[in-house]
Structures are given as C-alpha cells and as structure tokens.
Amino acid sequence: MSETSVLHFLDADALVDAARSRFVDVVTSAQAERGSASVVLTGGGTGIALLEALRKDSGNIDWSRVDVYFGDERFLPAGDPERNEVQASDALLNHVDVHPDRVFRMAASDGPHESDPEVAAASYARVLAAHADEGERAPEFDVHLLGMGGEGHINSLFPHTDAVRETTQYVIAVEDSPKPPPVRITLTLPAIRRAKHVWLLVSGEAKAEAVAAAVGGASPDDVPSAGAVGSESTVWFVDTAAASKLDT
Ligand SMILES: O=C(O)[C@H](O)[C@@H](O)[C@H](O)[C@H](O)COP(=O)(O)O
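Residues numbered from 1 in each chain as written. Predicted model: local features only at pLDDT ≥ 70, side-chain atom pairs only at ≥ 80, totals over all residues. Heavy atoms only, no water.

### Quick notes on the packing of helix 2 (residues 45-56) against helix 3 (residues 84-91)
If you want to describe how two helices pack, look at the angle between their axes and the distance between the axes. Selection rule: Angles here are taken between N-to-C directions and fall from 0 to 180 degrees, while the axes themselves are lines fitted to C-alpha atoms, restricted in helices to the stretch in contact. Helix and strand labels come from DSSP, where a helix needs a run of H or I of at least four residues and a strand needs a run of E of at least two; each type is numbered from the N terminus. Under this scheme an angle from 65 to 115 degrees is roughly perpendicular, one under 35 degrees roughly parallel, and one over 145 degrees roughly antiparallel; angles in between are oblique. Each crossing is labelled by how the near helix is turned from the far one, with a counterclockwise turn of less than a right angle marking it left-handed and a clockwise turn marking it right-handed. The contact criterion used throughout is that any non-hydrogen atoms of two residues lie within 4.5 Å. Asp, Glu, Lys and Arg are counted as charged, while Ala, Val, Leu, Ile, Met, Phe, Trp, Tyr, Cys and Pro are counted as nonpolar; the rest, among them Gly, fall into the polar class.
For the pair helix 2 and helix 3, interaxial distance at closest approach is 8 Å and the crossing angle is 25°. When the axis of helix 2 is compared with that of helix 3, the two are roughly parallel. When you trace helix 2 past helix 3, the crossing you get is right-handed. On the side of helix 2, the interface is formed by Ile48, Leu51, Glu52 and Arg55, while helix 3 contributes Gln87, Ala88, Asp90 and Ala91. For the contact of helix 2 with helix 3, the residue count by class is four nonpolar, one polar and three charged.

### Looking at the packing of aromatic side chains
Two aromatic rings, taken as a pair, are described by how far apart their centres are and by the angle between their planes. The test is simple: A pair of Phe, Tyr and Trp rings is counted when the ring centres sit within 6.5 Å of each other, with Trp represented by its six-membered ring. The angle between the planes then sorts it: under 30 degrees is stacked, over 60 is edge-to-face, the rest tilted. Three labels apply to residues, based on accessible area from a 1.4 Å probe with only protein chains included: buried if under 20% of the type maximum, exposed if over 50%, partly exposed otherwise in between.
Taken as a whole, this structure holds five aromatic pairs when the rule is applied. With a centroid separation of 6.1 Å and an interplanar angle of 10°, the aromatic rings of Phe9 and Phe237 are classed as stacked. With a gap of 228 residues between them, Phe9 in strand 1 (residues 3-9) and Phe237 in strand 9 (residues 233-239) connect regions that are remote in the sequence. With relative accessibility at 0%, the residue Phe237 sits in the buried group. Where Phe23 meets Trp63, the ring centres are 6.3 Å apart and the plane angle is 25°; that geometry is what we call stacked. Separated by 40 residues along the polypeptide, Phe23 in helix 1 (residues 12-34) and Trp63 in the loop between helix 2 and strand 3 (66-70) bring together distant segments of the chain. By relative accessible area, Phe23 is classed as buried at 1%. Residue classification places Trp63 among the buried positions, given a relative accessible area of 6%. Members of the aromatic cluster, each reached through a chain of ring pairs, are Phe9, Trp199 and Phe237.

Given below as structure tokens:
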C-alpha cells in the first residue's frame, strides 16, 4: 500500500536540506540491503539545488554504487547548458565518485540518434530494460526526484497531452512541449510509478494551486503531478508559499 505525505518547510533552503538528508538515508539503506541504489534525477531549480546540497554533504553514500537515471531531458546538443544532465553534472555528478558506466544519460540531439528524438527515446527504453529484473521493462528505482511547474507538469509531461496519457511505454519523445525547448525525451507516468519512492520538490507561490489540486486528487490529465505516485511512498516537499492553498 503506497502512502502519500506532505512535508512542510519554511522556505526552499529548509526543504532542500531535509530532502538531502532523506536522500542520504534512502540511498545508504538501499546500499546496505542490496549493495547498490538507483535514483532518477530531475531538472529545475529545486532539483538541481538538491544536487548541489548533496555535493556539499552526501553522508555515507558510496557514489560508485549508485545507478543514476534521468526523468527527462531537453533534446539539445551535447554540452548545452540547458540540458538537465549537464546541469546535474555541474551540480553533482562531476564532483563525486559515480561510475561513468552507471550514469545513464538520455541522448543529445547531435548524438548517435542524430535529430530523431523517437529513436533516442526508444534507445533509453532499452537502457531501462537492460537494468530491469526479469520480466520487467525498467528497474524498480529507489527514488524518483521530481520538480513541478506552475501548471502541474513533471518531467516533460504537460497537461492535456498524449505524453501524460501514455499508459504503456516508459520513455517517449515529446515534440511540441509548451515550455521551451519544444523537443524533449521523458519518462512517463507508468515509468515514474516503477519507483519505490517518488519525491516532489516544490517551492514558491506560483505552484500553490497545482499542489493543492494534485494533493486533492485531481486528474493527471489536468495536473500531471497528481499521477506521480511511488509504489511505496509519495512525498511532497513543499515550502510555505507552495503549501499556501492546501486545506490543512
Ligand atoms: O525541463 C524543464 O523545463 C524543467 O526541468 C522543469 O520540468 C522543472 O523541473 C519544473 O518546471 C520545476 O522547476 P523549478 O524547480 O525550477 O520550479
């Protein structure tokens, strides 16, 4: 039975610090149990701030035994500073002892699949499948981090799009994102639900309405974050401004 909780923090700094400490706990527990951990990273200001915080203090995490995946990617040339993986590398991955073969980046638009995001998405789906248990198409991620946009988007799943309605595939291309850049690759809601723990890191007044709608049980088609649920837990990390329209 999956549990949903909402954790309140005074501001974004306190939120990030609490997420950092919980992330260390989840990853070190998984490593103690199984020898390794798998995490899905997100772009956005709060998600990248968490990675910066981990760069400063990641407790006893053995980074060489962490599998790192990405929830979505802006389909841009390699090295473009707008790419989520570039920002994650600058914030954390270039500064810790991750194993290069265990960091699974989505392809760049000038990469081996050239300008075809559908081929790139299919290739990432194969990467997930290659690391899944028998009979599954993706690992059971320990934690999937998510930021959220003001209209409730998560990864590159925007309201009222085919992408948010995807029920089968785990990785798809988005070619008309309302938020630039238009072409992206994204994990879908079924892929997010493979994670044991889904964490939504949300700060600021502009997100308050979508937080209240999602926590209140909106349809994912209207508010995509409402469909982001972990198999064991879903945790909303919200600051006072983002929580301001919640009932409680
Ligand atoms: O790909 C993107 O355009 C961003 O990564 C985006 O999805 C982001 O995660 C959210 O908009 C939340 O961003 P903030 O945490 O900066 O509000």
